[in-house]
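Inside the fold
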There are 4 protein chains.
Amino acid sequence: MIFASDNWSGAHPAISAALSTHGAGMAAAYGSSDLDKAVEQRFNEIFEREVAVFFVGTGTAANSLSFAAVNRPGGVVMCHREAHVVEDECGAPEFFTHGARMAPVDGALGRIDPAQLRHELARFRPGFIHAGQPMAVTISQASEVGTLYSRDEISALAAIAHEQDLAFHMDGARFANALAATKLSPADMTWRAGIDILSFGATKNGCWCAEAVVFFDPEKARQFPYIRKRGAQLFSKTRFIAAQFMAYLDDGLWLTLAAHANLMADQLRDALAHSNRARQAWDTRSNEVFAILERPVADALRAEGAVFYDWNMPHGSGQALNENEVLVRLVTSWSTEPADVERFAAALAATA
Amino acid sequence: MIFASDNWSGAHPAISAALSTHGAGMAAAYGSSDLDKAVEQRFNEIFEREVAVFFVGTGTAANSLSFAAVNRPGGVVMCHREAHVVEDECGAPEFFTHGARMAPVDGALGRIDPAQLRHELARFRPGFIHAGQPMAVTISQASEVGTLYSRDEISALAAIAHEQDLAFHMDGARFANALAATKLSPADMTWRAGIDILSFGATKNGCWCAEAVVFFDPEKARQFPYIRKRGAQLFSKTRFIAAQFMAYLDDGLWLTLAAHANLMADQLRDALAHSNRARQAWDTRSNEVFAILERPVADALRAEGAVFYDWNMPHGSGQALNENEVLVRLVTSWSTEPADVERFAAALAATA
Amino acid sequence: MIFASDNWSGAHPAISAALSTHGAGMAAAYGSSDLDKAVEQRFNEIFEREVAVFFVGTGTAANSLSFAAVNRPGGVVMCHREAHVVEDECGAPEFFTHGARMAPVDGALGRIDPAQLRHELARFRPGFIHAGQPMAVTISQASEVGTLYSRDEISALAAIAHEQDLAFHMDGARFANALAATKLSPADMTWRAGIDILSFGATKNGCWCAEAVVFFDPEKARQFPYIRKRGAQLFSKTRFIAAQFMAYLDDGLWLTLAAHANLMADQLRDALAHSNRARQAWDTRSNEVFAILERPVADALRAEGAVFYDWNMPHGSGQALNENEVLVRLVTSWSTEPADVERFAAALAATA
Amino acid sequence: MIFASDNWSGAHPAISAALSTHGAGMAAAYGSSDLDKAVEQRFNEIFEREVAVFFVGTGTAANSLSFAAVNRPGGVVMCHREAHVVEDECGAPEFFTHGARMAPVDGALGRIDPAQLRHELARFRPGFIHAGQPMAVTISQASEVGTLYSRDEISALAAIAHEQDLAFHMDGARFANALAATKLSPADMTWRAGIDILSFGATKNGCWCAEAVVFFDPEKARQFPYIRKRGAQLFSKTRFIAAQFMAYLDDGLWLTLAAHANLMADQLRDALAHSNRARQAWDTRSNEVFAILERPVADALRAEGAVFYDWNMPHGSGQALNENEVLVRLVTSWSTEPADVERFAAALAATA
């Protein structure tokens, strides 16, 4: 009953098999193998346009190097105040941009509020150099608290970003979960809604280590090969990432895996809906569930073997905990066993 | 007949198998799984002492983060003038150290000359801040041109480094090949000879992506977890590196693979020794062979399907090419087929 | 009637004279002249202990290099949310620290609230590397909105900082004004209250260009000469800064000038107290006055020649503007003419 | 008899007087005062075209920020192997560019050899990212060893730089001395010969602290205000630099002062020409003289009160010292007294 993180899951057998298959024989290094090129072509198909795609090793790298690609001196990235880039990457975005500021923007439940974004951007008057200069807006889809932006919401933020000539970036660490939940196409959720750069995450959803930076305007990526290499993210045997992506994207495996994770989360949501000592803290549709539990309930679940983390109450939740309650995060993944969810539900029901 | 680079090889089946094996089930993320800990213990055994070991994704990361760990403001790293860190990493060492200088030191055939090291260090007078301050000496073992340092040679450089309170780092991208060639133990070739930090490479020798930074004084590594995370090199599913290392280090697989690569190189050296139109440019004992070929010979070999790169003549080779000659690099690996070496030898003999 | 900024004032005649006096003849460069050493000794006297003092060119440099001196990988500086370092230095603190984060802490009217500081620091659990690691706390004295910390308030924050092994830094861009207003001694307001590093500003208070970084524990400054030089802040003719400081510190000129600026501000405060169409937004005692004016009053004053800036309402002011009101900042300096203050008061009175 | 460095000189009385004159009254801060604008206009006149000029505090800042303005990821600056930027700035150019490499190019006596520049650039093949990418070529005029480039020599290097789309930068720490020695106009020695960016130094030649970065294509300077501010080089009271430049450039004072320094150096050269125990190491025409002295001669001169530094033999001098000889550097300045030169000459003659 591990609901600690989707990072705790392993690799899907098809991913492992692809690694073994592509392990035989020689192939050109540093991204120039036939396999690398075939996977790049797959990205074009998936996004219904020519894109420039670059494999990297971690989501932190994907985000940080994305910002480096659009950096300006004294640069500022507008992000949600609880974004992964500002809370959980140990300053990597700042490091890779030589000190760009991750400027927090308010918004309920992990989503940037457009009015707040305008408000924060208004503080940067053209030519007033003391404040620095915005260079990008980033959103997480799905967000860090499991919520989702609709296509219209993404477009609205894109319009604000582009008015001011800012790059619009999406942290897609859980991109597949967001697609599966919204039923949007990859193109509709990204470039057709105004996204310029995507951190395309696959690690959490069945790969060992497969992340990519996707530029929807390949022209903007001209310096990126140098940025990636200088950032120590050009792997010699890039085949090992390409092979994972090949299997991941084949026959819609990625969306199948994400749909499974979301479904497991749905069942957790159901279980919570039937409890009188626990409840969803706010509604989510992706593979993260946030629950307010009475403390004895949390203890009882953990005693039964459930593993999950306590969480800080996010901005704009409209919730307050009383002393006897705790907010926890439950994360499902491609590998979550239905039996585990059932056991969890039963253990929860037993606390009634 | 691929002799382009050991980076062109894939993963050894045992490595792929380990990935599949460890793919099942859940495990704690970010380096805290049981498997991670077991591999760390294996490093202690291999080096016959407690070490602090950190997995990273690329050799460039291992080198760059090693320097970051011992950085000083205005820092200078003394390296061979043809070292990988200065010639082939796109400025990553400088980037991760916020601008440390890689200061070139002379020495024949890829090895720092101790007298030259003293000479260069003498330029940095204590307290003369304009010149910056040395902070580390780095050597590559095996070197970029296939040569090796003896244990005594390493110790001699260590003494110079330590006299001036400099960290002594080894770039071990081909560490196993060097061990196999010298018959030294891992401990004797590193900390017993004065090495403080090792970039332990396994990717070229049978892994997909497995590199580690090894601190022989764990106390010196206290800030390294932050340095690695900030450098976007903390993988969420570190199991995927740990699993590779587990198989790699098991039953001496790593040394077996390296010995094979070296043996294949021996056979190339033999083939060159019997040619009257080609010769070794200088003697090597590891898995890189440098040959001076008459141009028609190089053409003929390539026409037969041999893949190898032209190379620039290194410092101190004592060789000069005439117009009709070309210097080439031939690299073998764990996966080089004896049949390929035989075909190469035959094709070479046919040019006589 | 210039109340735009104390940066608009020039240099005091004694400062200019000192420059001329010390202009004659030769002297050793890069901080090693007799004059440099004499000024360093003056700092020891003023602070009643041995300090390490380093001249730099701008307040931004003093702050940024101070943080660089105590930097840690993934480092975080706790600062007031409206601190100069986060709002007005174009990312220089982040740049000079290679990406340390300036983490905003709440507190009314420009002063960090101790409870909020504890609250923010609590988010950084030991060993939880994802969040980065705090390395310093910085306060501005006088603050950016003219308020002052008492010695006890400084000590309280120092205790929190030191509990967690954080450096405690004071941005003293208006250090002299704070001393003059509080009647504290330089020692009592700094190291005796727990300050570790001080950005000692003199530019705003009568110099052309004279800032210094003062380490109260000289041992902590050992790497600073390199940090300053690498940061392009080691001036060749440091005499030109030393000469300014010599005159500035001589016979208490600095405190005399600051007291004059504060007195001029007192008279502005008096004028506001007598107006029925303007009022102090909050009480200050240093050389900055914040006033809420009816818009026609602001227009009338400007029409009379008064120069001052509109200001954003700071956090925790307890004030709200109605549509007919504007918040403005009035800054006096060593060179503010009493006649100008009288004219301003008269113009204000005329709006009644 | 101070011949240690032109940095040991003070400020010319006209410079000090300008500071005093412009000290009175209020003026807008941060470079927007009328005086700032007037000086900017003076630069346009001097260079016979519209330029973008930015005041900074040190020559190291001017050089480092110039490189930052044209930086590319993995960037490489081609410089003479003994250039100030690589030998004497404590890594500041690397720091401000986040790790660009200063790549040494050979050339006799402080001047880049065009063939060597082509040779070094040839190593950077387009698209071969491992090596990084050149972004600029920099030359020092006058060079660090007192030599000068002719206009044709500058043009030849400019052609090579521009062929490869590299910015061409001149470190003009002794720009006025070079102009005075070559009789070239500022325009002819810079943009008409292909220079894109100039570090315009005035500190060594009579100012306290006055350096500027001059962009000959103002369009290229659009991001520079942010680069300068982020680099902590935007002074609040920029008047203090502007005032120095105003006096410096007025009535040709700068060229008069430089011509005096050069003349004093001529007289040192004459004195050496008449000695049988000392000689010029190589011929120079600017304000630096390099002499090979018998050791007892050096001792005797120092015993008489002469102050000068020993120097390392530069590349390509064609000179070798015997055991009884020492290479020394003698630097004159605007403030060198003819009487001091005469005393030096007499003391030298007395050793015959």
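Residues numbered from 1 in each chain as written. Chains lettered and ligands numbered in written order. Predicted model: local features only at pLDDT ≥ 70, side-chain atom pairs only at ≥ 80, totals over all residues. Heavy atoms only, no water.

Our focus in this paragraph is the relation of the copies chain A and chain B. One copy of the chain maps onto the other through a rotation about an axis followed by a shift along the same axis. Overlay of chain A on chain B (RMSD 0.0 Å): rotation 180°, translation along the axis 0.0 Å. Expressed as an axis order, the relation between the two copies is that of a two-fold axis. Comparing interface residues between copies, 100% of those in chain A also lie at the interface in chain B; the contact surface is shared. (Least-squares fit on C-alpha atoms with pLDDT ≥ 70 in both. Contact = heavy atoms within 4.5 Å.)

Now for the packing of helix 8 (residues 175-182) of chain B against helix 12 (residues 253-273) of chain B. If you want to describe how two helices pack, look at the angle between their axes and the distance between the axes. Residue and element names in this part refer to chain B. Direction vectors running N to C along helix 8 and helix 12 enclose 75°, while the axes themselves pass 8 Å from each other. The angle between helix 8 and helix 12 places the two elements in the roughly perpendicular class. Between helix 8, through Phe175, Ala176, Asn177, Leu179, Ala180 and Ala181, and helix 12, the contact on the second element is made entirely by Trp254, Leu255, Ala258, Ala259, Ala261 and Asn262. Looking at side-chain class alone, the contact of helix 8 with helix 12 contains 10 nonpolar, two polar and no charged residues. (Axes fitted to C-alpha atoms, helices over the stretch in contact; angles between N-to-C directions. Helix = DSSP H or I, 4+ residues; strand = E, 2+ residues; numbered from the N terminus. Parallel < 35°, antiparallel > 145°, perpendicular 65-115°, else oblique. Nonpolar A, V, L, I, M, F, W, Y, C, P; charged D, E, K, R; others polar.)

All names here are of chain A. Per the domain assignment, the segments making up chain A are domain 1 (11-253) and domain 2 (254-349). For domain 1 versus domain 2, the separation of C-alpha centres amounts to 27 Å. In this assembly, 34 residues from domain 1 lie in contact with 23 residues from domain 2. Counting across the domain 1 and domain 2 interface gives one salt bridge. Across the pair Arg174 and Glu288 runs a salt bridge, and its minimum N-O distance is 3.2 Å. (Domains from an automatic or database assignment. Salt bridge = Lys/Arg side-chain N within 4 Å of Asp/Glu carboxyl O.)

The next subject is the UniProt feature "domain: Aromatic amino acid beta-eliminating lyase/threonine aldolase" (unreviewed entry) in chain A. UniProt marks residues 3-281 of chain A with the feature "domain: Aromatic amino acid beta-eliminating lyase/threonine aldolase" (unreviewed entry), using the numbering shown here. In this annotation, residues 3-281 of chain A is assigned 42% helix and 15% strand; the end-to-end C-alpha distance for the span is 16 Å. (UniProt positions renumbered as here; feature names shortened; annotations may be inferred.)

This next bit is on the packing of aromatic side chains. Counted under the stated rule, the structure contains 98 aromatic pairs over all chains. For the ring pair Phe175 of chain B and Phe200 of chain B, a centre distance of 5.4 Å and an interplane angle of 55° mean the geometry is tilted. In this pair, Phe175 of chain B sits in helix 8 while Phe200 of chain B sits in strand 6 (residues 197-201), placing the two residues 25 residues apart along the sequence. A relative accessible area of 0% means that Phe200 of chain B is categorised as buried. In this structure an aromatic cluster arises from ring pairing among Phe43, Phe47, Phe55, Phe175, Phe200, Phe216, Phe245, Tyr248 and Trp254 of chain A. (Phe/Tyr/Trp six-rings, centres within 6.5 Å; stacked < 30°, edge-to-face > 60°. Buried < 20%, exposed > 50% of the residue type's maximum accessible area, 1.4 Å probe, protein only.)

With that out of the way, let us pick up the relation of the copies chain D and chain A. The two copies are related by a screw operation: chain D maps onto chain A through 180° of rotation and 0.0 Å of translation along the axis, at an RMSD of 0.0 Å. Of the residues that chain D buries at the interface, 100% are likewise interface residues in chain A, meaning the two copies contact each other through the same surface.

The next subject is the interface of chain D and chain A. Taken residue by residue, the interface counts 18 residues in chain D and 18 residues in chain A. Our count for the contact surface shared by chain D and chain A stands at zero salt bridges. No other element matches the five residues that helix 10 (residues 224-230) of chain D contributes to the side of chain D that touches chain A.

The next thing to look at is the confidence of the model for chain A. Looking at chain A, pLDDT values average 96 and 100% of them are 70 or higher. Reported for the predicted complex are a pTM of 0.97 and an ipTM of 0.97. (pLDDT = per-residue confidence, 0-100.)

Take the side chain of Ser317 of chain B next. On the secondary structure map, Ser317 of chain B appears in the loop between strand 10 (309-310) and strand 11 (325-331). At a separation of 3.1 Å, a polar atom in the side chain of Ser317 of chain B contacts the main-chain amide nitrogen of Gln319 of chain B. (Polar contact = N/O pair within 3.5 Å; in protein donor to acceptor, adjacent residues only side chain to side chain.)

This part is about the interface of chain A and chain B. Counting from both sides, the interface comprises 52 residues of chain A and, opposite them, 52 residues of chain B. Contact between chain A and chain B buries roughly 4,100 Å² in total, counting both sides, with carbon and sulfur atoms accounting for 66%. When the buried surface of chain A facing chain B is broken down by residue, Met26, Trp208 and Lys237 of chain A rank first, second and third, together holding 20% of it. One can count zero salt bridges joining chain A with chain B. Where chain A touches chain B, the interface holds 24 residue pairs in polar contact (both at pLDDT 80 or more). The set of elements that each furnish at least two residues to the side of chain A that touches chain B consists of helix 1 (13-21), helix 3 (59-69), helix 5 (92-96), helix 10 (224-230) and helix 11 (239-249) of chain A. Considered class by class, the residues forming the side of chain A that touches chain B number 23 nonpolar, 21 polar and eight charged. (Buried area = accessible area lost by both parts, 1.4 Å probe.)

Right, let's get into the pairing of strand 9 (residues 288-294) of chain A. All names here are of chain A. Of all seven residues in strand 9, six are buried; the element is thus mostly enclosed. Pairing of strand 8 (residues 278-280) with strand 9, which is carried by three bridges, proceeds in the antiparallel orientation. Bridging from a neighbouring strand, Arg279 pairs with Ile292 of strand 9. Across seven bridges, the pairing between strand 9 and strand 11 (residues 325-331) is antiparallel. Counterpart to Ile292 in the pairing with strand 11 is Leu327. (Pairing = 2+ DSSP bridges.)

Moving on to the sheet that holds strand 11 (residues 325-331) of chain D. Residues and elements named next belong to chain D. Spatially, four strands are ordered 8-9-11-10 in an open sheet, and the strand pairing comes out antiparallel. A strand with exactly one partner marks an edge of an open sheet, and here the two such strands are strand 8 (278-280) and strand 10 (309-310). Each of strand 8, strand 9 (288-294) and strand 11 is contacted by helix 12 (residues 253-273), which is oriented at about 25° to strand 9, the strand it contacts most.

Right, let's talk about the pattern of salt bridges for a bit. For the structure on display, the rule yields 80 salt bridges over all chains. In this structure, Arg222 of chain B engages Glu219 of chain B in a salt bridge whose closest nitrogen and oxygen atoms are separated by 3.2 Å. The exposure class assigned to Arg222 of chain B is exposed, which follows from its relative accessible area of 62%. If you follow the salt bridges from partner to partner, you end up with Asp6, Arg174, Glu288 and Arg329 of chain A in one network.

All buried positions along helix 1 (residues 13-21) of chain D are accounted for by Ile15, Ser16, Ala18 and Leu19 of chain D. For helix 1 of chain D, the angular spread of buried residues about the axis comes to 155°, placing them on one side. Along helix 1 of chain D, exposed side chains directed more than 90 degrees from the buried face belong to Pro13 and Thr21 of chain D. Buried residues along helix 1 of chain D sit in contact with helix 1 (13-21) of chain C together with helix 11 (239-249) and helix 12 of chain D. (Arc of directions from axis to C-beta.)

All names here are of chain D. Relative to the elements of secondary structure, Arg174 occurs in the loop between strand 5 (167-172) and helix 8 (175-182). Relative accessible area serves as the criterion here: at 10%, Arg174 is assigned to the buried category. Aside from chain neighbours lying at most four places away, what touches Arg174 is Asp6, Gln141, Ala142, Lys204, Asn287, Glu288 and Arg329.

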